[in-house]
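# Geometric and topological summary
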Amino acid sequence: MRLEQLYRSGKPEISFEFFPPKTAEGTEKLFGDTIPRLKKFQPALVSMTYGAGGTTRELTLELCDRLKRQADLETMCHLNIVGQSRTQIRENLQRLKELGIYNLLALRGDPPRDDPNFKPHPEGLTSSVELIEEARRLNWFSIAVTGFPEVHPEAKDRAADIAYLKRKVGAGGCVIVTQLFLDNAFFFEFMEEVKRAGITAPVIPGILPILSAPQIRRFAALCGSTIPPAVEKNLAKYEEDDAATAQYGVELATRQCEELLKKARVPGLHFYCLNRPEAAEAILKNLGLSPAPQK
Ligand SMILES: Cc1cc2nc3c(=O)[nH]c(=O)nc-3n(C[C@H](O)[C@H](O)[C@H](O)COP(=O)(O)OP(=O)(O)OC[C@H]3O[C@@H](n4cnc5c(N)ncnc54)[C@H](O)[C@@H]3O)c2cc1C
């Protein structure tokens, strides 16, 4: 189903995000274990990230094809514009069309770590809005864009961030998927501003179940998300114990999702499941969204 139709059912739609594994074994584990387990939850959508560079980029398109054909799942491909010419970007878009993949998450992407100011490729695009426009030219794509409950680190302020989000939606973004946040207050505040700006596209919160203390601290620092003091206290408590941290991560994400569903009536939940099924399975079971009984 295309993104435009996806969030209209009135029931929360579940999506899972994967990344291209670095090894063939990782790919086999993803398709042989993680995906079949998560497929039981009947996700409305799965997505595959697009790397900052190198060979995993080609892999993204290949794996999207596998997700769609082999796993028979509605698939959204992430694409960014970092370090690519307009020709390369057009080739990717054309290839996706040939593969029959119409759902796209259009991203600018992050600059390389050793050169943190975004510089467009000399023959490339300059912004995510230009990527949306480029994709729309093919008359094929349904386009999602990103939103930032805690304001993107490069934005001047909340107002500028929301104004840019409005431009992305105006250019053709029909669904907004958010960056991770660990305190729902940020999401509620963001939604107020989204509504005030007259943006009506469905906003799908991105949920990251915490798996380990060092990992969440690294991710949060990278994307400018806050670790609330109460969460940090628990991370410190289970610092050396990843199993206990993951258990806490499930409890925290369950509480977050419950509140988002009840209070904000979000139309969907997008899980950054880091190619592992256990946490998402546990959270969905806690939420009463267990797999349909097997016949
Ligand atoms: C759900 C989700 C999935 C992601 N998947 C990937 C992935 O697969 N691959 C990957 O590389 N990265 C991914 N990212 C991370 C993403 O690359 C970063 O958020 C990056 O810093 C910005 O790209 P963007 O498209 O999210 O943001 P953009 O919205 O394009 O830019 C971020 C902010 O910068 C400001 N800004 C940018 N350009 C302009 C402009 N021209 N004028 C005014 N303000 C501007 C705005 O405040 C804007 O909100 C993902 C993020 C999310 C939330």
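Note that the structure is predicted; figures quoted are calculated from it, not measured. (Residues numbered from 1 in each chain as written. Predicted model: local features only at pLDDT ≥ 70, side-chain atom pairs only at ≥ 80, totals over all residues. Heavy atoms only, no water.)

Okay, the site of the ligand next. Lining the immediate surroundings of the ligand are 24 residues, of which Tyr-50, Asp-110, Ser-128, Asp-161 and Lys-168 lie closest. Thr-146 places a side-chain nitrogen or oxygen 2.8 Å from an oxygen atom of the ligand. One of the side-chain N or O atoms of Lys-168 is found 2.6 Å from an oxygen atom in the ligand. If the ligand stood free it would expose 950 Å²; the protein chains cover 83% of that surface. Of all the secondary structure elements, the ones that give two or more residues to the shell around the ligand are α6 (158-171) and β6 (173-180). Per element, the largest residue contribution to the shell around the ligand is four residues, and it comes from α6. (Near = heavy atom within 4 Å. Polar contact = N/O pair within 3.5 Å; in protein donor to acceptor, adjacent residues only side chain to side chain. Areas by Shrake-Rupley, 256 points an atom, 1.4 Å probe, with all protein chains shown as cover. Helix = DSSP H or I, 4+ residues; strand = E, 2+ residues; numbered from the N terminus.)

The subject of this paragraph is the packing of helix α3 (residues 56-69) against helix α4 (residues 86-99). α4 packs onto α3 with a crossing angle of 15° between their chain directions and a minimal axis gap of 11 Å. With respect to their mutual orientation, α3 and α4 come out roughly parallel. Once α3 is placed against α4, the crossing between them reads as right-handed. Facing Leu-61, Asp-65 and Arg-69 of α3, the residues of α4 in contact are Asn-92, Arg-95, Leu-96 and Leu-99. Classifying every residue of the contact of α3 with α4 gives three nonpolar, one polar and three charged. (Axes fitted to C-alpha atoms, helices over the stretch in contact; angles between N-to-C directions. Parallel < 35°, antiparallel > 145°, perpendicular 65-115°, else oblique. Left-handed = near helix turned anticlockwise from the far one by under 90°. Contact = heavy atoms within 4.5 Å. Nonpolar A, V, L, I, M, F, W, Y, C, P; charged D, E, K, R; others polar.)

Let us now look at the packing of aromatic side chains. Going through the model one piece at a time under the given rule, you end up with five aromatic pairs. With centroids separated by 5.4 Å and ring planes inclined at 20°, the aromatic side chains of Phe-181 and Phe-187 adopt a geometry described as stacked. An angle of 45° between the planes, with centres 6.3 Å apart, marks the rings of Tyr-238 and Tyr-248 as tilted. On the criterion of sequence distance, the pair formed by Tyr-238 in the loop between α9 (229-237) and α10 (242-262) and Tyr-248 in helix α10 is long-range, its members being ten residues apart. (Phe/Tyr/Trp six-rings, centres within 6.5 Å; stacked < 30°, edge-to-face > 60°.)

When you line up the elements, Asp-65 lands in helix α3. On the basis of relative accessible area, Asp-65 is assigned to the buried category, the value being 19%. Excluding its chain neighbours within four sequence positions, the residues that come into contact with Asp-65 are Gln-70, Leu-99 and Ile-101. (Buried < 20%, exposed > 50% of the residue type's maximum accessible area, 1.4 Å probe, protein only.)

What follows covers the environment of Phe-271. The residue Phe-271 is located in strand β8 (residues 268-272) in this model. Take Phe-271: its relative accessible area is 0%, and that puts it in the buried class. Sequence spacing of Phe-271 and Ala-253 is 18 residues, and the spatial spacing of their C-alpha atoms is 9.9 Å. Discounting residues that sit within four places of it in the chain, Phe-271 has contacts with Ile-14, Ser-15, Phe-16, Glu-17, Ile-207, Cys-257, Ile-283 and Leu-284.

As a further point, take the sheet that holds strand β1 (residues 13-18). Strand order around the closed barrel formed by eight strands is β1-β2-β3-β4-β5-β6-β7-β8, with parallel pairing between neighbours. Going across the sheet, the axis of each strand differs from the next one's by a mean of 25°, ignoring polarity. With four bridges connecting them, strand β3 (residues 75-79) and strand β4 (residues 103-106) associate as parallel partners. The partner of His-78 across the bridge, within β4, is Leu-105. Packing against the sheet, α3 makes contact with β1, β2 (45-48) and β3, and its axis sits at approximately 170° to β3. (Pairing = 2+ DSSP bridges.)

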